[in-house]
Amino acid sequence: MSTLVAQPDEAVDIAKRRASEGKRAEQRLGMLLCAPAVVVMLSVTAYPILYAIYLSFFKADLRTPGNNEFIWLSNYVTVLSSPIWWSAFGITMFITVISTAFELIFGMMLAVVMHRTIVGRGLVRTSALVPYAIVTVVAAFSWRFAWTQGIGWLAGDSAPLTEKWPSVWIIILAEVWKTVPFMALLLMAGLALVPEDLLKAASMDGATAWQRFWKITVPLIKPSILVALLFRTLDAFRVFDNIYILTSGANNTSSVSIVAYNNLIRGLNLGIGSTMAVLIFITIAIIAFLFIKLFGAAAPGQGTGR
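Draft legend 1. Looking closely at the overall build of the chain. Across its full length, the chain holds 13 helices and two strands. Every one of the 306 residues in the chain was classed for burial, and the buried ones make up 35%. For the chain, long-range pairs separated by at least 24 residues make up 68% of all intrachain contacts whose partners lie at least 6 apart in sequence. Working note: accessible area of the chain is about 18800 Å², and carbon and sulfur atoms make up 68% of it.

Draft legend 2. Molecular detail of unusual backbone geometry. One non-glycine residue, asparagine 252, adopts positive backbone phi at about 60°. At leucine 268, a position not held by glycine, the phi torsion is positive, near 60°. With respect to the helices, strands and loops of the structure, leucine 268 is situated in the loop between helix H12 (256-266) and helix H13 (270-295).

Draft legend 3. Quick look at the packing of aromatic side chains. Counted by the stated rule, this structure contains 21 aromatic pairs. Between tyrosine 54 and phenylalanine 58, the aromatic rings sit 4.8 Å apart at their centres with planes inclined by 45°, giving tilted as the arrangement. Taken together through their ring pairs, the aromatic side chains of Tyr47, Tyr51, Tyr54, Phe57, Phe58, Phe70, Trp72 and Tyr76 make up a single cluster.

Draft legend 4. Region of interest: a nonpolar patch on the surface. Where nonpolar side chains cluster on the molecular surface, the patch consists of Phe281, Ile282, Ile286, Phe289, Leu290, Leu294 and Phe295 and spans about 700 Å² of accessible area. Relative to the assigned elements, leucine 294 resides in helix H13. Relative accessible area serves as the criterion here: at 65%, leucine 294 is assigned to the exposed category.

Draft legend 5. Molecular detail of helix H10 (residues 222-237). Given a rise of 1.5 Å per residue, 16 residues ought to cover 22 Å, and the 22 Å separating the end C-alpha atoms of H10 matches this to within 8%. Buried residues of H10: Ser224, Ile225, Leu226, Ala228, Leu229, Leu230, Arg232, Thr233, Leu234, Ala236 and Phe237, and no others. For H10, the elements touching its buried residues are helix H3 (83-116), helix H7 (164-191), helix H9 (209-220), H12 and H13.

Draft legend 6. Geometry of the pattern of salt bridges. The full count for this structure, using the stated rule, is six salt bridges. When the shortest N-O distance is used, the salt bridge between arginine 116 and glutamate 196 registers 3.1 Å. Of this pair, arginine 116 sits in helix H3 while glutamate 196 is found in helix H8 (residues 196-204), placing the two residues 80 residues apart along the sequence. A residue is classified by how much of its surface remains accessible, and glutamate 196, at 32% relative accessible area, is partly exposed.

Draft legend 7. Region of interest: the packing of H8 against H9. Packing of H8 against H9 leaves a shortest axis separation of 10 Å and a crossing angle of 160°. Judged by the inter-axis angle, H8 sits roughly antiparallel to H9. Both H8 and H9 take part in a crossing whose hand is right-handed. Judged by residue contacts, Leu198, Leu199, Ala202 and Ser203 of H8 engage Arg212, Ile216, Thr217 and Leu220 from H9. Within the contact of H8 with H9, the residues separate by chemical class into five nonpolar, two polar and one charged.

Draft legend 8. How the structure looks around the packing of H3 against H7. Between H3 and H7, whose axes approach to 5 Å, the crossing angle comes to 40°. With respect to each other, H3 and H7 are oriented oblique. Handedness of the H3/H7 crossing: right-handed. Among the residues making up the contact of H3 with H7, the classes are represented as 25 nonpolar, five polar and three charged.

Draft legend 9. Representation of the environment of valine 79 in the model. Relative to the elements of secondary structure, valine 79 occurs in helix H2 (residues 74-80). A residue is classified by how much of its surface remains accessible, and valine 79, at 2% relative accessible area, is buried. Every residue in contact with valine 79, bar those within four places of it in the chain, is listed here: Trp85, Ile272, Thr275, Met276 and Leu279.

Draft legend 10. Inspection of the nonpolar core at higher detail. In terms of nonpolar packing, the biggest core is built from 43 residues, with Trp85, Ile225, Met276 and Ile280 touching the most fellow members. A per-element tally of this core places H13 first, with nine residues. Ignoring sequence-local partners within four residues, the contact set of isoleucine 280 consists of Trp85, Phe237, Val256, Ser257 and Ala260.

What counts and what doesn't
- Residues numbered from 1 in each chain as written.
- Predicted model: local features only at pLDDT ≥ 70, side-chain atom pairs only at ≥ 80, totals over all residues.
- Heavy atoms only, no water.
- Helix = DSSP H or I, 4+ residues; strand = E, 2+ residues; numbered from the N terminus.
- Buried < 20%, exposed > 50% of the residue type's maximum accessible area, 1.4 Å probe, protein only.
- Contact = heavy atoms within 4.5 Å.
- Areas by Shrake-Rupley, 256 points an atom, 1.4 Å probe, with all protein chains shown as cover.
- Phe/Tyr/Trp six-rings, centres within 6.5 Å; stacked < 30°, edge-to-face > 60°.
- Patch = residues over 30% accessible without salt bridge, like charges linked within 9 Å, V, L, I, M, F, W, Y side chains within 5 Å.
- Salt bridge = Lys/Arg side-chain N within 4 Å of Asp/Glu carboxyl O.
- Expected span 1.5 Å × (residues − 1).
- Axes fitted to C-alpha atoms, helices over the stretch in contact; angles between N-to-C directions.
- Parallel < 35°, antiparallel > 145°, perpendicular 65-115°, else oblique.
- Left-handed = near helix turned anticlockwise from the far one by under 90°.
- Nonpolar A, V, L, I, M, F, W, Y, C, P; charged D, E, K, R; others polar.
- Core = buried A, V, L, I, M, F, W, Y, C linked by side-chain atoms within 4.5 Å.

Structure below.
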């Protein structure tokens, strides 16, 4: 009795179809698991976002609430043609890029130390997380007192918080000190997934510690690096607390969040403030889109495209 045997090409096609069906099933399951969180998030954030967009098309002021006037895109023209906005945008981007770069470097170093520590591992990890556990405002006041002339020992006889670039670098220092543990936590989660047998095999083949780290560890933890960079970049672009406490935006150290706060809360200008909030939202969305596009191959769940 003879049996039918599938041809090699046909067997490969069947295997590919089964693999694609399995991948689609995993994607459907992932979407179903994420759906409740997405629904809750949209129910909380959708109305404020849409209302901010709505207000950005109006000349609206809380001091004259009955005189709202629809002015279409005039608020956007006003903001985007203002040197105050672009100065704040430049400072924000500078703080974001520099602080995120330092946090990635020091966060990776701290993650390796916490991951490799054998003696006193719990004490080392707890001590490393202390800065992240401190409330940002409290930490910012500590940095402010430390750099205040006549009060803090770091300032000495100078007053760095009264000058632009010294203030910016102190803000970056405060940001890095506060959030390096956060980066380390995310990166340590990736380091835990690196197979030790693979590293030992590379060591036996003569690979140095740096070669093992750069050629094996880094490629394997790219998803963790992407998540850490994305989260921290989006958070850094919205920097507010440290600047508000350290300088209050004086000496051209305002971020876009500080400028939006000054117009929306202090100035009671709902139209301009909402416009700035919408522009910040758009910028953050663009940053997230670029991260996913540029580093999408490293994102969890991404295939090779074959």
